[in-house]
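In case you want the letters, here they are:
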Amino acid sequence: MTDAARMAISNQKGGVGKTTVAINVAGALNRRGHDVLFVDLDPQGNATEGLGLEAEYEAEPPTLFDALTDHEARDDVDSLVVEHAEMDVLPSNIDMTSVEPELTMAMRGRERLGQVLDEIDADYDVVLVDCPPYLGNLTDNALLAAGNVLIPALAESTSKRALEILFDQIEVLEAEFDTHIRDLGVVANRVETTNEAEQMLSWFEEAFTDVPVWEVRKRVALQRAFSAGSSIFEYEADCDMESVFDDVAAQLERQFDLVEVTA
Ligand SMILES: Nc1ncnc2c1ncn2[C@@H]1O[C@H](COP(=O)(O)OP(=O)(O)OP(=O)(O)O)[C@@H](O)[C@H]1O
Ligand SMILES: [Mg+2]
């Protein structure tokens, strides 16, 4: 793959909207005319199943597990990529539930995803990596392969600690691998009109002065689109959150110098 913009969608806290944000940012980028590769690095396979790829999640080897752990399988990674109406997908698989210890034992076990992505023949404008809800080899792989991170977080006080832990890990990786992992912004997700949410939005704005803080409100349409296997851009509903995800996509276009395809 040539020089696609790569980004990890990460927060080790569970259920904050990583998969929802990743799918809808992919949908927004697709709507803007960009070719997107969606990598589901979560052994739970929520995105894979959500995008209608249950068969891939349950497929026999070779799968993403093999591409990450075996050099020969890595060379054949192109055969693992499947098409979705809005994006191409490198699906997760049930075997991914046992990949963490394999990566601990492997040589350069935290650089495997980067090597896998380098082997992909097709050209994409953007690669999005949906991360699992814990810190470990997979999340390290995503952060190192992407070098950029978009962070979904709930507008709840528990997010402060979650972000602190994530940034600590990013610092560890930066020092260990002599690299820079850029924070692309925070997506405050599932926001409701409560005092706690208002206070947390102010906190996000104060804590993240250099990067955008987007606000995605709680919307049933996001759940319905997910159940229908697509982003809200493809799903037949006029959801007012489309404009937020479109803003994220527009910012990514600027950040990565993506050529604007649509007017
Ligand atoms: N803005 C929103 N409005 C309404 N529901 C939402 C919103 N964002 C996410 N959800 C719902 O919240 C649940 C968790 O979201 P999601 O799966 O995207 O989080 P996640 O961080 O990927 O979870 P995990 O940590 O398990 O990977 C899902 O049922 C999803 O449909
Ligand atoms: Mg998820």
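**Examining the site of ligand 1**
Taken together, 19 residues lie around ligand 1, and Gly-15, Lys-18, Thr-19, Thr-20 and Asn-189 are the ones closest in. Taking Arg-190, its side chain carries an N or O atom lying 3.4 Å from an oxygen atom of ligand 1. Arg-217 places a polar main-chain atom, nitrogen or oxygen, 3.0 Å from a nitrogen atom of ligand 1. The protein chains hide 84% of the 620 Å² of surface that ligand 1 would expose on its own. Elements with a contribution of two residues or more to the shell around ligand 1: helix H1 (18-31), strand S7 (182-191), strand S8 (213-217) and helix H11 (220-227). Counted by class, the shell around ligand 1 contains 4 nonpolar, 9 polar and 6 charged residues.

**Structural notes on the pairing of strand S6 (residues 148-154)**
Among the 7 residues in S6, 7 count as buried, and that is most of the element. Here S6 shows a buried face lined by Asn-148, Leu-150, Pro-152 and Leu-154 and a second buried face lined by Val-149, Ile-151 and Ala-153. Pairing geometry for strand S1 (residues 5-9) and S6, over 2 bridges, is parallel. Note that in S6 the partner of Ala-8 across the bridge is Val-149.

**Examining a negative patch on the surface**
Residues Asp-3, Asp-35, Asp-70, Glu-72, Asp-75, Asp-76, Glu-119, Asp-121 and Asp-123 make up a contiguous surface patch of negative charge. Looking at where Glu-72 falls in the secondary structure, it is placed in helix H5 (residues 71-75).

**A short note on unusual backbone geometry**
Residues Pro-61 and Pro-62 are joined by a peptide bond in cis, for which omega reads 0°. By the secondary structure assignment, Pro-62 is in the loop between helix H3 (54-57) and helix H4 (64-69). Positive phi, close to 50°, is recorded for Asp-178, a residue that is not glycine. Tracing the backbone through its elements, the reader meets Asp-178 in the loop between helix H9 (158-177) and S7. Even without being glycine, Arg-190 reaches a positive phi, approximately 55°. Here Arg-190 is to be found in strand S7. On the basis of relative accessibility, which here comes to 40%, the residue Arg-190 falls in the partly exposed class.

**Some points on helix H8 (residues 137-146)**
By the criterion of burial, H8 is predominantly enclosed, with 10 of the 10 residues buried. Within the sequence span of H8, burial applies to Asn-137, Leu-138, Thr-139, Asp-140, Asn-141, Ala-142, Leu-143, Leu-144, Ala-145 and Ala-146. At the C-terminal side of H8, Gly-147 shows a positive phi close to 75°.

**Observations concerning the side chain of Asp-66**
Among the secondary structure elements, Asp-66 is positioned in helix H4. One buried charged residue, Asp-66, remains without a salt bridge, the closest side chain of opposite sign being Arg-112 at 10 Å. Asp-66 has contacts with Pro-61 and Ala-73, leaving out every residue within four places of it along the chain.

The rules behind each value
- Residues numbered from 1 in each chain as written.
- Chains lettered and ligands numbered in written order.
- Predicted model: local features only at pLDDT ≥ 70, side-chain atom pairs only at ≥ 80, totals over all residues.
- Heavy atoms only, no water.
- Near = heavy atom within 4 Å.
- Polar contact = N/O pair within 3.5 Å; in protein donor to acceptor, adjacent residues only side chain to side chain.
- Areas by Shrake-Rupley, 256 points an atom, 1.4 Å probe, with all protein chains shown as cover.
- Helix = DSSP H or I, 4+ residues; strand = E, 2+ residues; numbered from the N terminus.
- Nonpolar A, V, L, I, M, F, W, Y, C, P; charged D, E, K, R; others polar.
- Buried < 20%, exposed > 50% of the residue type's maximum accessible area, 1.4 Å probe, protein only.
- Pairing = 2+ DSSP bridges.
- Patch = residues over 30% accessible without salt bridge, like charges linked within 9 Å, V, L, I, M, F, W, Y side chains within 5 Å.
- Salt bridge = Lys/Arg side-chain N within 4 Å of Asp/Glu carboxyl O.
- Lys, Arg positive; Asp, Glu negative; His and termini not counted.
- Charge placed at Lys NZ, Arg CZ, Asp CG, Glu CD.
- Contact = heavy atoms within 4.5 Å.

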